[in-house]
Amino acid sequence: AQSVTQLGSHVSVSEGALVLLRCNYSSSVPPYLFWYVQYPNQGLQLLLKYTSAATLVKGINGFEAEFKKSETSFHLTKPSAHMSDAAEYFCAVLYTGGFKTIFGAGTRLFVKA
Amino acid sequence: EAQVTQNPRYLITVTGKKLTVTCSQNMNHEYMSWYRQDPGLGLRQIYYSMNVEVTDKGDVPEGYKVSRKEKRNFPLILESPSPNQTSLYFCATKNDRVNTGELFFGEGSRLTVL
């Protein structure tokens, strides 16, 4: 079955430190990949997406993600964490020819002062 | 402004009392969907609709109904709510003319069933 795995339900970093949130998907066929962010009491909003144009994708708020087909991964990074980055992050996959977006379980990011 | 609007945002109800969560979008999208979000499980799809009068089950449809009589509206109906339906619900739309399209979400409806 198609699935998305986010390693770590909680990640804690210090302000200014590197943010790395991991995502792996379960297909050898390159899908379309997304990262969404959910701030407290809000809906999800798109952070960035991979649609086969370039393997390194830049998103909003300084985030970026790299698609690695050999590792079936799409990890999210940010060089320097800000307090405002504290939120829950969801990796999601849309398989080619499909119409259902499959979500990972989410990773909650905590940023310490 | 492009919006997906859900109501109510918060609701506490009792077992068996029918309720409807409304969802309306102004983006002219044909695709609409309902998800529930539970801790540790991410978002799971309840129902989706590809167009007016076309609906289909997602991964967790039991205990829910939907209808799609107009393009902009996609209400979620709980005929006889039970405590295991306590959750955070999201309506989402997508421009399915763009195969790589992302989802646009409402702000969520937090439902508690006592």
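Structure's up top.
The rules behind these values
- Residues numbered from 1 in each chain as written.
- Chains lettered and ligands numbered in written order.
- Predicted model: local features only at pLDDT ≥ 70, side-chain atom pairs only at ≥ 80, totals over all residues.
- Heavy atoms only, no water.
- Helix = DSSP H or I, 4+ residues; strand = E, 2+ residues; numbered from the N terminus.
- Rg over C-alpha atoms; globule rule 2.2 N^0.38 Å.
- Buried < 20%, exposed > 50% of the residue type's maximum accessible area, 1.4 Å probe, protein only.
- Contact = heavy atoms within 4.5 Å.
- Buried area = accessible area lost by both parts, 1.4 Å probe.
- Salt bridge = Lys/Arg side-chain N within 4 Å of Asp/Glu carboxyl O.
- Polar contact = N/O pair within 3.5 Å; in protein donor to acceptor, adjacent residues only side chain to side chain.
- Core = buried A, V, L, I, M, F, W, Y, C linked by side-chain atoms within 4.5 Å.
- Pairing = 2+ DSSP bridges.
- Axes fitted to C-alpha atoms, helices over the stretch in contact; angles between N-to-C directions.

1. A closer look at the overall build of chain B
- A tally of regular secondary structure across chain B gives zero helices and eleven strands.
- Each helix and strand of chain B, placed in order from N terminus to C terminus, yields the pattern β-β-β-β-β-β-β-β-β-β-β.
- Relative to the compact-globule value of 13 Å for 114 residues, chain B shows a C-alpha radius of gyration of 13 Å, a close match.
- Taken along the three principal axes of its C-alpha coordinates, chain B extends 40 × 30 × 25 Å.
- Going through the 114 residues of chain B one by one, you find that 50% of them count as buried.

2. Quick look at the interface of chain B and chain A
- On the chain A side, the residues contacting the 24 residues of chain B number 22 residues.
- Taken over both partners, the interface formed by chain B and chain A buries close to 1,800 Å², and the fraction arising from carbon and sulfur atoms is 53%.
- Applying the counting criterion to the chain B and chain A interface returns two salt bridges.
- A salt bridge links A:K100 to B:D59; the shortest N-O distance between them is 2.7 Å.
- Where chain B touches chain A, the interface holds six residue pairs in polar contact (both at pLDDT 80 or more).
- For the side of chain B that touches chain A, the secondary-structure elements that each account for two or more residues are β4 (31–38), β5 (42–51), β9 (87–94) and β10 (103–105) of chain B.

3. A look at the nonpolar core
- Judged by nonpolar contacts, the single largest core of 29 residues is most densely connected at A:W35, A:L47, A:L48, A:F74, A:L76 and A:Y89.
- Put simply, the parts of the chain that give this core at least two residues each are β2 (10–14), β3 (19–25), β4 (32–38), β5 (44–50), β7 (64–68), β8 (73–78), β9 (87–94) and β11 (107–112) of chain A.
- The contact partners of A:L47, leaving out residues within four places of it in the chain, are A:W35, A:Y36, A:V37, A:G59, A:I60, A:F63, A:L76 and A:Y89.
- Counting 19 residues, the second largest nonpolar core, distinct from the first, contains B:V66, B:Y89, B:C91 and B:L111.

4. Brief notes about the sheet that holds strand β6 (residues 56–58) of chain A
All names here are of chain A.
- What the five strands build is an open sheet, ordered β1-β3-β8-β7-β6; its pairing is antiparallel. Across the chains shown, the open sheet's two edge strands, defined by having one partner strand only, are β1 (4–7) and β6. Adjacent strand axes in the sheet meet at a mean angle of 20 degrees when their direction is disregarded.

5. Here we look at the pattern of salt bridges
- If you walk through the whole model with that rule in mind, you get ten salt bridges over all chains.
- Overlapping salt bridges, with partners in common, bring together B:K18, B:K65 and B:E79 in one network.

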